[in-house]
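Listed here are the chains, written in short residue letters.
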Amino acid sequence: MTFVQLIDCRTSRFDEMNRLVDTWLEQTGGRRSATHSLIGKDRSDGSHFIEIVEFPSYEEAMRTSNLPETDQIFHDMIALCDEMPVFTDLVVVRDEQLYVANVRRYFDVVAARGELPPLDGLLAENYHDHDPANEQDTIGMDAMRREIREWRAGFDFAFTVEDQIAEGDKVCTRWSWKGRHTGEFLGIPPTGREVTMTGTTVFRCGADGKIVEGWWQYDRLGLMAQLGELDVLEA
């Protein structure tokens, strides 16, 4: 779960503190786990600053905190402050950008070559999938993994995320899909054909960022036509 640290400080030597942060970034490149850092200045008080540092998890934050360069910047920062900074540790319980990132990662993971990796970091155990192409909804992570494996067995494919819109706990993704029919799919023997599809998926995410429900709309009929399954009907 994402972890955020707030550093609330007062200083009349902000330029020096800014250079201090730049030095720390240079010294810890490749070893620090902070994913984002933002410094805000109080509009009503020019000596009041708040730094927001984001980490993938509390454990990663602690690993970065234990770096010798981090310990040094802590002492140097205190020396530049007019008073002792206040540190606030936050566990993020809701973050729409986290939802967007997890959904984008889902599309990458399901299309990745090789063995399907665990999805427990992306999908909730009780995930509920709505796909109009299926007679019944797919419920549960294990059931969803089986369905994903069917697609992976039939095609070498990749998604391209065209657009994403997040609102509340839902992320809507407009995507395009391109694949090569290399294995049996729905009883259709491999044709070797290059096929494409477009679609839209709405995912609902839980407070921990995991995907708990999904609604799919895509051109399944167009895919069947590209595989030659409609040729008999047209004859």
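Shown above is the structure to which this text applies.
All values derive from a computational prediction rather than experimental measurement. (Residues numbered from 1 in each chain as written. Predicted model: local features only at pLDDT ≥ 70, side-chain atom pairs only at ≥ 80, totals over all residues. Heavy atoms only, no water.)

What about the overall build of the protein chain?
Link 1 in the chain: Of regular secondary structure, the protein chain possesses seven helices and ten strands.
Link 2 in the chain: Computed over its C-alpha atoms, the radius of gyration of the protein chain comes to 24 Å, more than 25% above the 18 Å expected for a compact globule of 235 residues.
Link 3 in the chain: Expressed along its principal axes, the backbone C-alpha trace of the protein chain runs to roughly 85 × 30 × 30 Å.
Link 4 in the chain: Residue burial in the protein chain is summarised as follows: out of 235 residues, 41% are buried.
Link 5 in the chain: Pairs at least 24 apart in sequence give 63% of the contacts found in the protein chain among residues at least 6 apart.
Link 6 in the chain: As displayed, the protein chain has an accessible area near 13,300 Å², and 50% of this comes from carbon and sulfur atoms.
Link 7 in the chain: Charge-centre separation for the protein chain: the mean point of 24 positive side chains lies 3 Å from the mean point of 43 negative side chains. (Helix = DSSP H or I, 4+ residues; strand = E, 2+ residues; numbered from the N terminus. Rg over C-alpha atoms; globule rule 2.2 N^0.38 Å. Buried < 20%, exposed > 50% of the residue type's maximum accessible area, 1.4 Å probe, protein only. Contact = heavy atoms within 4.5 Å. Areas by Shrake-Rupley, 256 points an atom, 1.4 Å probe, with all protein chains shown as cover. Lys, Arg positive; Asp, Glu negative; His and termini not counted. Charge placed at Lys NZ, Arg CZ, Asp CG, Glu CD.)

Brief notes about the packing of helix α4 (residues 96–111) against helix α5 (residues 141–154)
Link 1 in the chain: Packing of α4 against α5 brings their axes to within 10 Å, and their N-to-C directions diverge by 55 degrees. Of the possible angle classes, the one that applies to α4 and α5 is oblique. Note on element contacts: α5 touches α4 through Met144, Ile148 and Arg152, opposite Tyr106, Val109, Val110 and Ala111.
Link 2 in the chain: Here the contact of α4 with α5 is built from residues that sort into six nonpolar, no polar and one charged. (Axes fitted to C-alpha atoms, helices over the stretch in contact; angles between N-to-C directions. Parallel < 35°, antiparallel > 145°, perpendicular 65-115°, else oblique. Nonpolar A, V, L, I, M, F, W, Y, C, P; charged D, E, K, R; others polar.)

Description of a nonpolar patch on the surface
Link 1 in the chain: On the surface, Leu38, Ile50 and Ile52 cluster together into a nonpolar patch covering about 220 Å² of accessible area.
Link 2 in the chain: Along the polypeptide, Ile52 turns up in strand β3 (residues 48–55). (Patch = residues over 30% accessible without salt bridge, like charges linked within 9 Å, V, L, I, M, F, W, Y side chains within 5 Å. Salt bridge = Lys/Arg side-chain N within 4 Å of Asp/Glu carboxyl O.)

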